[in-house]
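Now for the letters of each chain:
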Amino acid sequence: MKKIAVFPGSFDPYTKGHESIVEKALGLFDEIVIGIGDNLTKNYMFDLDTRIKHIQSIYENYDRVSVVVFQGLTVDFCKSIGAQYMIRGLRDTKDFEYERNIAQMNLKISGIESVFFMTVEEYASVSSTIIREIHKNGGNIDLFVTNAEKLV
Ligand code: ADP
């Protein structure tokens, strides 16, 4: 059976930190589905179409990585596409504390197992929030985002 994992997030925008997690996960899973969670009550800086196209441009030569938008519970999305695992990235103990509770609840309600990868040190301080701040103020985000020119 194929091992399929969902990497869920807002990806507003998708950073080299996110990329480093997918690179690591490709060694463990047959297929990675990057799931863009579309929360109707949340305000995003980059619209959905821009985020999809940006992430797709990064993985155009990867046949084991795809990009899909979903609404609702991440575990329901995992089940709907036959994914047995969910991937999350950990930058620090704050991420861990937050993710631990969610992972335990998700396992209880669905049987979907969460798998965690530590970020590479180089990108440990990269967050979409900081990238948005730099971008908003006209700063250069090329160091932290691949194909940043797609984010217009
Ligand atoms: P969410 O809104 O679900 O937190 P994000 O797009 O912010 O979505 O993040 C998606 C996942 O990527 C989360 O597991 C988050 O911890 C992880 N992540 C974010 N930035 C980094 C980074 N620099 N290095 C490793 N993992 C990261």
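Before reading further, recall that the structure is shown in the block above.
Residues numbered from 1 in each chain as written. Predicted model: local features only at pLDDT ≥ 70, side-chain atom pairs only at ≥ 80, totals over all residues. Heavy atoms only, no water.

Participant: Please clarify how the site of the ligand should be interpreted in this entry.
Facilitator: Neighbouring residues of the ligand: 17 residues in total, closest Ser-10, Gly-89, Thr-119, Tyr-123 and Val-126. In this structure, Arg-91 approaches the ligand through a side-chain N or O atom, which is 3.2 Å from a nitrogen atom. Between the ligand and the protein, one listed contact pairs a nitrogen atom with a backbone N or O atom of Tyr-123 at 2.9 Å. Of all the secondary structure elements, the ones that give two or more residues to the shell around the ligand are β1 (4-9), α1 (16-25), β4 (85-90) and α4 (93-110). Across the shell around the ligand, the residue classes tally to six nonpolar, six polar and five charged. (Near = heavy atom within 4 Å. Polar contact = N/O pair within 3.5 Å; in protein donor to acceptor, adjacent residues only side chain to side chain. Helix = DSSP H or I, 4+ residues; strand = E, 2+ residues; numbered from the N terminus. Nonpolar A, V, L, I, M, F, W, Y, C, P; charged D, E, K, R; others polar.)

Participant: What is the right way to look at the sheet that holds strand β3 (residues 65-70) in this model?
Facilitator: One key point about sheets: their strands pair by backbone hydrogen bonds, in either a parallel or an antiparallel sense. Pairing in this open sheet of five strands is parallel, and the strands run β3-β2-β1-β4-β5 from one edge to the other. Two strands in the sheet have a free side with no partner beyond their single neighbour: β3 and β5 (113-118). Averaged over neighbouring strand pairs, the angle between their axes works out to 35° when direction is ignored. Looking at chain direction, β4 and β5 are connected through six bridges and run parallel. Following the sheet pairing, Met-86 is matched in β5 by Ser-114. Where α4 meets the sheet, its contacts fall on β4 and β5, and the angle it forms with β4 comes to roughly 170°. (Pairing = 2+ DSSP bridges. Axes fitted to C-alpha atoms, helices over the stretch in contact; angles between N-to-C directions. Contact = heavy atoms within 4.5 Å.)

Participant: Got a minute to help me understand the pattern of salt bridges in this structure?
Facilitator: One pass over the structure, following the stated rule, counts seven salt bridges. One salt bridge connects Asp-12 with Arg-132, and the closest N-O pair in it is separated by 3.7 Å. Residue Asp-12 is found in the loop between β1 and α1, and its partner Arg-132 is found in helix α5 (residues 128-136); the two are separated by 120 residues along the sequence. With relative accessibility at 3%, the residue Asp-12 sits in the buried group. What makes Arg-132 partly exposed here is its relative accessible area of 24%. (Salt bridge = Lys/Arg side-chain N within 4 Å of Asp/Glu carboxyl O. Buried < 20%, exposed > 50% of the residue type's maximum accessible area, 1.4 Å probe, protein only.)

Participant: Mind showing me how you'd approach the nonpolar core here?
Facilitator: For soluble globular proteins, nonpolar side chains are generally found buried alongside one another. Among the nonpolar cores identified, the biggest contains 21 residues, and Tyr-14, Val-22, Ile-32 and Ile-87 are the most heavily contacted of them. Broken down by secondary-structure element, the contributors of at least two residues to this core are β1, α1, β2 (31-37), α2 (48-58), β3 and β5. Excluding residues within four positions of it along the chain, Val-22 makes contact with Phe-7, Tyr-14, Ile-32, Ile-34, Tyr-59 and Val-65. Judged by nonpolar contacts, the second largest core, of ten residues, contains Val-6, Phe-77, Met-86 and Ile-112. (Core = buried A, V, L, I, M, F, W, Y, C linked by side-chain atoms within 4.5 Å.)

Participant: Any chance you could explain unusual backbone geometry here in plain terms?
Facilitator: What is expected of a backbone is that most residues other than glycine have negative phi and most peptide bonds are trans. Residue Pro-13 follows Asp-12 across a cis peptide bond; omega there is 5°. Note on placement: Pro-13 falls in the loop between β1 and α1. You will see that Phe-11, though not glycine, has its phi angle at about 50°, which is positive. Positionally, Phe-11 belongs in the loop between β1 and α1. With relative accessibility at 4%, the residue Phe-11 sits in the buried group.

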